Amino acid sequence: MTITEVDTARREQEPLAIALEVDDLTYLHSENRGLAGLSLAVPAGSVLGLIGPNGSGKSTFLTLVAGLLEPQSGSLSVLGVSPRSAAHRLGWVFQEQSLDPQLTVGETLELSARLYGSDSSGASRALGIVGLADRAADHVGTLSGGMRRRLELARAIQHSPDLLVMDEPTLGLDLESRRAIWAYLSELNAGGLTIVVATNDVSEAEKVCSRVVFLRDGRLIAEGTPATLKEGLAEHSLQLRWPGLSDSDFAQLRDLDGVSAATRSDSTVRLTTRDSHPVLAAAARLQSGRIEAIAIRESSLEDAYFRIAGTPLYHDEEAR
């Protein structure tokens, strides 16, 4: 049987409409960062992407789902029960690597199976899924970064979870490794696995997520499919590195016909527009400061976040 056939057969025995149900969930850290009254329902079998700047509550939410924190108020149901009661049906991929380089690949999965109270029969299947079947005897310390990430995925899925929770699972990986990981995940999802992923890679989210949630300051500000969230966006996103731009000249750019949104942060100007050419022509006529760099691209979920939240998804110092 294929991966899809095995997982579909198992989940058909226990049909579940909603994988996660969240009502007015609050957990605030010392500086009032975290979640503040989040309500959300995640359909079983979906791939949900959590998008928001650093500090928006993404990791806090995932930690609550995993049962590693208790809500300060509100309620959270995971697979129809409390997070801790659902722990054995949950797979987790942390943002930070959590592998012991002294263990072999096989020992890593054997230890995980014992922690879940299951046998290690799923190890060979999981390693086959992620393309590491021939590395079971190798020490983790000998694996590349991409292979280690695949091993963490194998560890998360070897007990055939019903819900997979991931925090920036492809952060720092090369394009080939990212594609490989999402190819595995897409096949598992086709078998019924529900996936919740926190990511700041909007291009990744647009390709793989069936639904996306925008978070800001611990609150949900928008939810929908990538296509619906981008509805009505202008065609182009324009970013200018422009030190010394005056307030009056920025106002002229902002008020140009066809510009639907504009913001500035330090020396960076961001605009969304139907057509970048007249905007660039107008910019060339302005006298304040000097344009050092120009970037033009098609509108994305990053621009949708900008339009809805009124602030950029990324700060200049954050990696994209």
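Keep in mind the model is a prediction, meaning the values are calculated, not measured. (Residues numbered from 1 in each chain as written. Predicted model: local features only at pLDDT ≥ 70, side-chain atom pairs only at ≥ 80, totals over all residues. Heavy atoms only, no water.)

Peer 1: What am I meant to see in the packing of aromatic side chains here?
Peer 2: Describing an aromatic ring pair means giving the distance of the ring centres and the angle of the ring planes. According to the stated counting rule, one finds two aromatic pairs in the structure shown. The ring of Phe250 is capped by Arg264, whose NZ or CZ atom sits 5.2 Å from the centre of that ring. (Phe/Tyr/Trp six-rings, centres within 6.5 Å; stacked < 30°, edge-to-face > 60°. Lys NZ or Arg CZ within 6 Å of the ring centre and 35° of its normal.)

Peer 1: Hey, could you run me through the pattern of salt bridges in this one?
Peer 2: Inspection of the entire model under this criterion finds 15 salt bridges. One salt bridge connects Glu206 with Lys230, and the closest N-O pair in it is separated by 2.7 Å. Taken together, the residues span a long stretch of sequence, with Glu206 in helix H7 (residues 202-208) and Lys230 in the loop between helix H8 (226-229) and strand S10 (236-241) at a distance of 24 residues. Take Glu206: its relative accessible area is 25%, and that puts it in the partly exposed class. With a closest N to O distance of 3.6 Å, Arg274 and Asp257 form a salt bridge. Taken together, the residues span a long stretch of sequence, with Arg274 in the loop between strand S12 (268-273) and helix H10 (276-285) and Asp257 in the loop between helix H9 (247-254) and strand S11 (259-265) at a distance of 17 residues. (Salt bridge = Lys/Arg side-chain N within 4 Å of Asp/Glu carboxyl O. Helix = DSSP H or I, 4+ residues; strand = E, 2+ residues; numbered from the N terminus. Buried < 20%, exposed > 50% of the residue type's maximum accessible area, 1.4 Å probe, protein only.)

Peer 1: When you look at unusual backbone geometry in this model, what are you seeing that I'm missing?
Peer 2: Trans is the prevailing form of peptide bonds, just as negative phi is the prevailing case for residues other than glycine. Residue Leu79 is not a glycine yet carries a positive backbone phi of 55°. By the secondary structure assignment, Leu79 is in the loop between strand S4 (73-78) and strand S5 (90-93). Assessed through its relative accessible area of 5%, Leu79 is described here as buried. With a phi close to 55°, Ser160 is a non-glycine residue in the positive phi region. Judged by relative accessible area, Ser160 falls into the partly exposed class, the value being 21%.

Peer 1: Hey, could you run me through the packing of helix H5 (residues 145-157) against helix H6 (residues 175-190) in this one?
Peer 2: Helix packing geometry: the angle between the two helix axes and the distance between the axes. Two numbers describe how H5 lies on H6: the axes approach to 10 Å, and their chain directions differ by 15°. Comparing the axis directions of H5 and H6 gives the class roughly parallel. Of the two possible hands of crossing, H5 and H6 adopt the one that is right-handed. From H5, Gly146, Arg149, Arg150, Leu153 and Ile157 reach across to H6, where they touch Ser177, Ile181, Tyr184, Leu185 and Leu188. When its residues are assigned to classes, the contact of H5 with H6 shows six nonpolar, two polar and two charged. (Axes fitted to C-alpha atoms, helices over the stretch in contact; angles between N-to-C directions. Parallel < 35°, antiparallel > 145°, perpendicular 65-115°, else oblique. Left-handed = near helix turned anticlockwise from the far one by under 90°. Contact = heavy atoms within 4.5 Å. Nonpolar A, V, L, I, M, F, W, Y, C, P; charged D, E, K, R; others polar.)

Peer 1: How should the sheet that holds strand S9 (residues 219-224) be read in this particular structure?
Peer 2: What holds strands together in a sheet is hydrogen bonding between their backbones, with the strands either parallel or antiparallel. Strands sit in the order S5-S6-S7-S3-S8-S9 across an open sheet of six strands; the sheet is mixed. Pairing within the sheet leaves two strands with one partner each, and these edge strands are S5 and S9. Ignoring which end each strand starts from, the neighbouring axes of this sheet average 15° apart. Of the strand pairs in this sheet, strand S8 (residues 211-216) and S9 are connected by five bridges, and their pairing is antiparallel. Paired with Phe214 across the bridge in S9 is Ala222. The strands touched by H5 within the sheet are S5 and strand S6 (163-167), with S5 carrying the most contacts at an inclination of about 165°. Strands strand S3 (47-51), S8 and S9 of the sheet are contacted by helix H11 (residues 301-309), whose axis makes an angle of about 45° with S8. (Pairing = 2+ DSSP bridges.)

Peer 1: What is the right way to read the sheet that holds strand S2 (residues 34-43) from this model?
Peer 2: As summarised here, the arrangement of the three strands in space is S2-S1-S4, forming an open sheet in which the pairing is antiparallel. Looking at the sheet topology across the chains shown, the edges are occupied by S2 and S4. Each strand of the sheet is rotated relative to its neighbour by a mean of 15°, with strand direction disregarded. Note: strand S1 (residues 18-28) against S4, five bridges, orientation antiparallel. Note that in S4 the partner of Asp23 across the bridge is Ser75.

Peer 1: Would you explain H11 in this entry?
Peer 2: Structural remark: α-helix, 3.6 residues per turn; residues separated by three or four positions point the same way. The element H11 is largely enclosed, with a buried count of seven among its nine residues. Here H11 starts with a cap whose side-chain oxygen sits 3.2 Å from the backbone nitrogen of Glu302, and that cap is Ser300. Among the residues trailing H11, Gly310 stands out with phi positive, at a value near 80°. (Polar contact = N/O pair within 3.5 Å; in protein donor to acceptor, adjacent residues only side chain to side chain.)

Geometric values such as these leave the question of function open.
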